[in-house]
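Coordinates in review
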Amino acid sequence: MNTRPSAAVERLAPDECWDLLAQTNVGRLAVLVDGHPDIFPVNYVLDGDSIVFRTGAGTKFWSTLTTPCALESDGYRAFSGKAWSVIVRGQTHLILDRQERSDVDALGLDPWQPGAKDCYLRLTPEAVTGRRFKTKRPDLWGTPLNDARLSDFH
């Protein structure tokens, strides 16, 4: 069994990771819930060297405040045929200051999902990692018609 990383995988510097995170606003938040991992989609904004998102006072909220968590965001660039993935690991903190909330709202922080999302959480990173890799040709596998790689395939 080959456990060496593929030479085709490019490790990204933290600055590159932040640049990619700035190009999207949706990720998956991984947290521990009752001793098992769970994943929640969130939309977010970057605020300096942290990530801010809003949620209601439910499972996601309480879990992120009591254990470390991770946010993952991915993307695909059709012009290069490369995909990327960035993971930010750290601890979240509740934002209580009204001015601080107003400042992140001005960055475009508006939840996509309806309902009360009155809890503002800031993920302060302890580690930021990312990778970029060339994807396989979409015709080599049973690729679904909605796969982004098909848009540039000839």
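Here we summarise the structure given alongside this text. (Residues numbered from 1 in each chain as written. Predicted model: local features only at pLDDT ≥ 70, side-chain atom pairs only at ≥ 80, totals over all residues. Heavy atoms only, no water.)

**Let's talk about the packing of aromatic side chains**
Applying the stated criterion to the full structure yields one aromatic pair. For the pair Phe-61 and Trp-62, a centre-to-centre distance of 4.8 Å together with 75° between the ring planes defines the contact as edge-to-face. Overall, the relative accessible area of 5% leaves Phe-61 in the buried class. (Phe/Tyr/Trp six-rings, centres within 6.5 Å; stacked < 30°, edge-to-face > 60°. Buried < 20%, exposed > 50% of the residue type's maximum accessible area, 1.4 Å probe, protein only.)

**Quick word on helix α2 (residues 59–66)**
Residues of α2 that are buried include every one of Lys-60, Phe-61, Ser-63 and Thr-64, and no others. Lining the buried residues of α2 we find β2 (26–33), β3 (36–47), β4 (50–55), β5 (69–77), β6 (82–95) and β7 (119–134). (Helix = DSSP H or I, 4+ residues; strand = E, 2+ residues; numbered from the N terminus. Contact = heavy atoms within 4.5 Å.)

**With respect to the nonpolar core**
With 23 residues, the main nonpolar core has Leu-21, Leu-29, Ile-51, Leu-71, Val-86 and Val-88 as its most contacted residues. Contributing elements (two or more residues each) for this core: α1 (14–22), β2, β3, β4, β5, β6 and β7. Leu-29 has contacts with Asp-38, Ile-39, Phe-40, Val-42, Phe-53, Lys-60, Thr-64, Cys-69, Ala-70 and Leu-71, leaving out every residue within four places of it along the chain. In terms of nonpolar packing, the next biggest core, distinct from the first, is built from six residues, Val-45, Val-52, Ile-95 and Tyr-120 among them. (Core = buried A, V, L, I, M, F, W, Y, C linked by side-chain atoms within 4.5 Å.)

**Let's talk about the side chain of Thr-55**
On the secondary structure map, Thr-55 appears in strand β4. The buried category is assigned to Thr-55, whose relative accessible area is 3%. Reaching out from Thr-55, the side chain makes a polar contact with the side chain of Lys-60 at a distance of 3.5 Å. Those residues within four positions of Thr-55 in sequence are excluded, and the remaining contacts are Lys-60, Phe-61, Ala-116, Lys-117, Asp-118, Cys-119 and Leu-121. (Polar contact = N/O pair within 3.5 Å; in protein donor to acceptor, adjacent residues only side chain to side chain.)

**So, the environment of Ala-116**
When you line up the elements, Ala-116 lands in the loop between α3 (98–106) and β7. Residue class for Ala-116 comes out exposed when judged on its relative accessible area of 56%. With 59 residues separating them along the chain, Ala-116 and Ala-57 place their C-alpha atoms 8.7 Å apart. If we skip the residues at most four places from it in the chain, Ala-116 touches Thr-55 and Gly-56.

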